[in-house]
Amino acid sequence: MKDCNCIFCKIAGGEIPSATLYEDEEFRVILDLNPASKGHSLILPKEHYANLFEIPEDVLGRAAGVAKKIGAKLLEGLHATGLNVLQNNGVSSGQTVFHFHMHLIPRYDGDALGLAWKPGKLTEADRDEILGIF
Ligand code: 5GP
Ligand code: ZN
């Protein structure tokens, strides 16, 4: 189902033009307008799913296939040396557009992209609490 107020529905459906790297009946891959690195791209399903918890597993699996195919092409064509695949869910994770998308972020040796975090230490209390959920 499409959401008529959703910018990524309009882009994925071709209603709003975009720099498209790849398109099939189910997905469109576009260049991010505010790239973290050269080649930063977004995989958009043409159907509207707000996030990881809404997208069906089979569609997600095919999105992963697109990530492999387009990610490899970006790496080779741009002579990148690494690739981050990111996907945000919820405001606190950094999600700003509430239509599922996967970021493909090419990385270059020595680039200063701030995607890393300061590693913490797993406490026994956290470990036990988390294991208790499963
Ligand atoms: P999020 O933070 O939701 O994971 O990522 C949204 C991404 O979409 C951001 O990287 C942002 O730069 C990109 N973006 C937002 N609006 C547009 C747009 O209209 N066109 C394109 N190409 N990218 C967009
Ligand atoms: Zn949408």
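My aim in this report is to walk through the structure given alongside it, one point at a time. (Residues numbered from 1 in each chain as written. Chains lettered and ligands numbered in written order. Predicted model: local features only at pLDDT ≥ 70, side-chain atom pairs only at ≥ 80, totals over all residues. Heavy atoms only, no water.)

1. Some points on the pattern of salt bridges
Logical step 1: Tallied over the entire structure, the rule returns six salt bridges.
Logical step 2: Ionic pairing is found between Glu23 and Lys46, a salt bridge with its closest N-O pair at 2.7 Å. With Glu23 in strand S1 (residues 20-23) and Lys46 in the loop between strand S3 (41-45) and helix H2 (57-78), this residue pair connects regions lying 23 residues apart in the sequence.
Logical step 3: Overall, Glu23 belongs to the partly exposed group, its relative accessible area being 44%.
Logical step 4: Between Glu26 and Arg62 there is a salt bridge, with its nearest N and O atoms 2.7 Å apart. Separated by 36 residues along the polypeptide, Glu26 in the loop between S1 and strand S2 (27-31) and Arg62 in helix H2 bring together distant segments of the chain.
Logical step 5: What you see here is one network of salt bridges that share partners, running through Glu23, Arg28 and Lys46. (Salt bridge = Lys/Arg side-chain N within 4 Å of Asp/Glu carboxyl O. Helix = DSSP H or I, 4+ residues; strand = E, 2+ residues; numbered from the N terminus. Buried < 20%, exposed > 50% of the residue type's maximum accessible area, 1.4 Å probe, protein only.)

2. Re the site of ligand 1
Logical step 1: Within the structure, ligand 1 sits among 16 residues, and Asp32, Gly94, Thr96, His101 and His103 are positioned closest to it.
Logical step 2: Contact between ligand 1 and Asn34: an oxygen atom at 3.5 Å from a side-chain N or O atom of the residue.
Logical step 3: Contacts to ligand 1 include His101, whose side-chain N or O atom sits 2.9 Å from an oxygen atom.
Logical step 4: For ligand 1, the protein covers 82% of the area, taking 520 Å² as the surface of the free molecule.
Logical step 5: Elements with a contribution of two residues or more to the shell around ligand 1: helix H1 (7-12) and S2.
Logical step 6: Per element, the largest residue contribution to the shell around ligand 1 is three residues, and it comes from H1.
Logical step 7: Grouping the amino acids of the shell around ligand 1 by side-chain chemistry returns eight nonpolar, seven polar and one charged. (Near = heavy atom within 4 Å. Polar contact = N/O pair within 3.5 Å; in protein donor to acceptor, adjacent residues only side chain to side chain. Areas by Shrake-Rupley, 256 points an atom, 1.4 Å probe, with all protein chains shown as cover. Nonpolar A, V, L, I, M, F, W, Y, C, P; charged D, E, K, R; others polar.)

3. Regarding the coordination of the zinc ion (ligand 2)
Logical step 1: The coordination sphere of the zinc ion (ligand 2) contains the protein donors Cys6 (SG), Cys9 (SG), His48 (ND1) and His99 (ND1), at a distance range of 2.1 to 2.3 Å.
Logical step 2: Given four donor atoms and angles of 103 to 118 degrees at the metal, the environment of the zinc ion (ligand 2) is assigned as tetrahedral.
Logical step 3: The sequence pattern describing where the donors of the zinc ion (ligand 2) fall on their chain is C-x2-C-x38-H-x50-H. Remark: His48 occurs in the loop between S3 and H2 and Cys9 occurs in helix H1; sequence separation between them is 39 residues.
Logical step 4: A relative accessible area of 18% places His48 in the buried class. (Donors = N, O, S within 2.8 Å, 3.2 Å for Na, K, Ca; no water. Tetrahedral: all angles 85-135°; square planar, octahedral: opposite > 155°, others 65-115°.)

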